[in-house]
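Each chain, written out:
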Amino acid sequence: MAQNLVIIGAGMASGRLIENLLEQDPQAYKITLFNAEPRGNYNRLMLSPVLSGEKNYEEIITHSDAWYEDRGITTYFGEPVLEIDQAAKFIRSASNCAPYDKLVIATGSAPVMIPFPGINLEGVLPYRDLDNVNLMLDVAQKPQSKAVVIGGGVLGLEAAAGLNARGMDVTVIHISDHLMERQLDSTAAGLLQKSLEARGITVHTQGATKEIVGAERVEAVKLEDGTIYPADIVVMAVGIRPETRLAKEAGIATARGIIVDDALRTEASDIYALGECVEHSGQLFGLVAPLYEQAKVLANDLLGHRAVFTPIELSTKLKVTGCDLFSAGDFARGADRDEIVYFDPISGIYKRLNVQDNKLIGVVMYGDTVDGAWFLQKIKSGEDISPIRETLIFGPNFTLDAPPDPLVAVVALPLDCTINSYDGPYFGKYVSNQLGGDQIAYGKYVNPKFGKCSDMAGAVINE
Ligand SMILES: Cc1cc2nc3c(=O)[nH]c(=O)nc-3n(C[C@H](O)[C@H](O)[C@H](O)COP(=O)(O)OP(=O)(O)OC[C@H]3O[C@@H](n4cnc5c(N)ncnc54)[C@H](O)[C@@H]3O)c2cc1C
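Residues numbered from 1 in each chain as written. Predicted model: local features only at pLDDT ≥ 70, side-chain atom pairs only at ≥ 80, totals over all residues.

### Quick look at the sheet that holds strand E11 (residues 169-173)
Here five strands make up an open sheet; going across it, the order is E9-E16-E10-E11-E12 and the pairing parallel. Of all the strands in the sheet, the pair left with one neighbour each is strand E9 (124-126) and strand E12 (202-204). Averaged over neighbouring strand pairs, the angle between their axes works out to 20° when direction is ignored. As paired elements, strand E10 (residues 146-150) and E11 share five bridges and run parallel to each other. When the bridges of E11 are listed, Val-148 appears paired with Thr-171. Contacts from helix H6 (residues 154-165) reach E10, E11 and strand E16 (233-236) within the one sheet, and its direction differs from that of E11 by about 165°. (Pairing = 2+ DSSP bridges. Helix = DSSP H or I, 4+ residues; strand = E, 2+ residues; numbered from the N terminus. Axes fitted to C-alpha atoms, helices over the stretch in contact; angles between N-to-C directions. Contact = placed C-beta atoms within 7 Å.)

### Some words on the site of the ligand
Around the ligand, the structure places 34 residues, and the nearest of them are Gly-9, Gly-11, Gly-108, Gly-275 and Leu-287. Looking at the shell around the ligand, the elements that each hand over two or more residues are helix H1 (12-24), strand E2 (29-35), helix H2 (47-52) and helix H9 (288-302). Partitioning the shell around the ligand into residue classes produces 19 nonpolar, nine polar and six charged. Here the shell around the ligand gathers at least three residues from each of two domains, domain 1 (3-110 + 241-302) and domain 2 (124-238). (Near = placed C-beta within 6 Å. Nonpolar A, V, L, I, M, F, W, Y, C, P; charged D, E, K, R; others polar. Domains from an automatic or database assignment.)

### Digging into the nonpolar core
With 64 residues, the main nonpolar core has Val-149, Val-234 and Val-235 as its most contacted residues. The dominant element in this core, judged by the number of residues it contributes, is H6, at seven residues. Within the second largest apolar cluster, 47 residues are counted, among which are Ile-7, Met-12, Leu-17 and Ile-271. (Core = buried A, V, L, I, M, F, W, Y, C linked by C-beta atoms within 7 Å. Buried ≥ 20, exposed ≤ 12 C-beta atoms within 10 Å, placed from the backbone.)

### Here's the deal with helix H10 (residues 372-381)
Among the ten residues that make up H10, eight are buried, leaving the element largely enclosed by the rest of the structure. Listing the buried residues of H10 in full gives Gly-372, Ala-373, Trp-374, Phe-375, Leu-376, Gln-377, Lys-378 and Ile-379. Downstream of H10 by a residue or two, Gly-382 has a phi angle that is positive, lying close to 65°.

### Considerations on the sheet that holds strand E24 (residues 349-356)
If you trace the five strands from one edge of the open sheet to the other, you get E21-E22-E25-E24-E23, paired in antiparallel fashion. Every interior strand has two partners, whereas the edge strands, strand E21 (315-316) and strand E23 (338-344), have only one. Here seven bridges tie E24 to strand E25 (residues 359-366), and the two strands are oriented antiparallel to one another. Bridge assignment links Gln-356 to a residue of E25, and that residue is Lys-359. In this fold H10 packs onto E21, strand E22 (325-329) and E25, with an angle of close to 160° to the strand it touches most, E25.

### Quick look at the packing of H1 against H9
Remark: H1 packs on H9, axes separated minimally by 8 Å, with the N-to-C direction vectors making an angle of 40°. Considering the angle they form, H1 stands oblique to H9. When you trace H1 past H9, the crossing you get is right-handed. Facing Met-12, Ala-13, Arg-16, Leu-17, Asn-20, Leu-21 and Gln-24 of H1, the residues of H9 in contact are Val-288, Leu-291, Tyr-292, Gln-294, Ala-295, Lys-296, Leu-298, Ala-299 and Leu-302. A per-class count over the contact of H1 with H9 returns eleven nonpolar, three polar and two charged. (Parallel < 35°, antiparallel > 145°, perpendicular 65-115°, else oblique. Left-handed = near helix turned anticlockwise from the far one by under 90°.)

### Re the pairing of E24
Along any regular strand the residues' side chains alternate between the sheet's two faces. When E23 meets E24, the two strands line up antiparallel, connected through seven bridges. From the neighbouring strand, Ile-340 faces E24, where its bridge partner is Leu-353. Where E23 hands over to E24, the hairpin turn is made up of four residues, of which Gly-348 adopts a positive phi near 70°. Between the end of E24 and the start of E25, which pair antiparallel, lie two residues, with Asp-357 showing a positive phi angle near 50°.

### A short note on H6
Its twelve residues place the ends of H6 16 Å apart at the C-alpha level, agreeing with the 16 Å of an ideal helix rising 1.5 Å per residue. With eleven of twelve residues buried, H6 lies mostly within the body of the structure. For H6, the full list of buried residues reads Val-154, Leu-155, Gly-156, Leu-157, Glu-158, Ala-159, Ala-160, Ala-161, Gly-162, Leu-163 and Asn-164. Among the structural elements, H2, helix H5 (130-140), E10, E11, E16 and E21 are those in contact with the buried residues of H6. Gly-167, located one to two residues past H6, shows a positive phi value of around 95°. (Expected span 1.5 Å × (residues − 1).)

### Observations concerning unusual backbone geometry
Positive phi, normally seen in glycine, also occurs at Met-180, with a value near 45°. Considering the arrangement of structural elements, one finds Met-180 in the loop between E11 and helix H7 (186-198). At Gln-206, a residue that is not glycine, the phi angle is positive and equals roughly 50°. Take Gln-206: it is sitting in the loop between E12 and strand E13 (209-214).

### Some points on the pairing of strand E14 (residues 218-223)
Sheet topology places E13 next to E14; five bridges connect them, and they run antiparallel. From the neighbouring strand, Ile-212 faces E14, where its bridge partner is Val-221. The turn joining E13 and E14, which pair antiparallel and follow one another in sequence, is formed by three residues. In terms of strand pairing, E14 meets strand E15 (residues 228-230) through three bridges, oriented antiparallel. Counted as the bridge partner of Ala-220 is Pro-230 from E15. Counting the residues between successive antiparallel strands, the hairpin from E14 to E15 contains four residues, one of them, Gly-226, with a positive phi of roughly 95°.

Function cannot be read off these values alone, since they describe shape.
Structure (structure tokens):
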């Protein structure tokens, strides 16, 4: 008889877990899914295109109500789980209980809200879910409304660009001296800032927020240097924290996240954790690619096949149309490192490769990112780049001694590489096999469920 599998959290990671499980053995478990949000799995990554108006919510739903029903999955949406009873092996929400044979905690992360004076005013919100987006859109409808975004990292800038596209007057306040300092060096960040300013977004770097001003609703943000920015809405995007509360209260070992082993098992019997809520070998996760790996490993373990989770090398992109950037690996400067740089300020193209011991260890690109996946592959492989050093910065078109051809970037990818880490993985081999086909052949590479192709494939399609 099928065992009871209860999953807490219907997010990106658990959605992938359920798919992996059902693909391998649809009969193995009777699945019950609880979600705090009043809806099932949707593509959280695509909230930014929803905010900017490039997509609507229906387009980013990954699993519809009918999908769960057809597969016999019992769902409780809008029902946060409040308690895990390890001894009796059941979980409890406000109005339901569910017994489990195996339990997966996939509660994601909570956005960090810095407790500035005024943080609880109406109109101050994080950027995490559809409800946040809907609240922002309500305010954006008001003519000449103003938004202040605190945090100039990926999420903050995607929020800022989305609100700007909706016609709001947007200011980004960022504490560091350049935007996205964890992913970009100052040159790339400068180009990004110029591009954001060109569309009317005000960027205030080295800006320390002092307080959020207002009576009941937010009216302004005041900085330590005395600057005041009027605001109808304040979006705080300064980081995330693994959502560990349930596990902690149930006595399951946590540190910064819920501690798991290589098979995603917690130290509690028959309880696993998955996604951004976990801590694995001291590492936390904030991007979806490693979570998909986790989902694969966990599905295998639940089906009795031993598998081992190994974190993968990640890259960053920004989902802001017109701001093409790519960053991967370690791009910090150092005496033991060499830089290979291409910079054309007029066309706004910048590429910097960081090389150590004849190996590519990091890359930052702005303006032309078409070769990003190829560079990422070089970082992952750790291969000796000295034979191709002179032309490396120009990418596979030149390095492989081939005539300039946009398809070369795709052909040059190794067969097992991931070319789209956040929607993927899709493999070089698959795309290579489509070569010689027409544009529709490339279209197949786009996963219709996620509705997004990589910039590289996009560039190929557009040629
Ligand atoms: C706007 C935005 C854009 C992003 N863009 C990218 C990107 O381009 N690339 C990328 O790699 N990553 C991106 N991310 C990060 C990515 O979305 C996360 O890494 C991913 O969603 C984490 O998946 P998860 O399943 O661990 O958690 P989530 O997707 O957050 O799902 C967790 C779910 O658990 C629910 N939950 C929490 N507590 C309980 C409880 N007690 N009971 C029941 N349910 C509970 C929550 O309501 C939530 O629905 C983005 C994130 C945001 C917010």
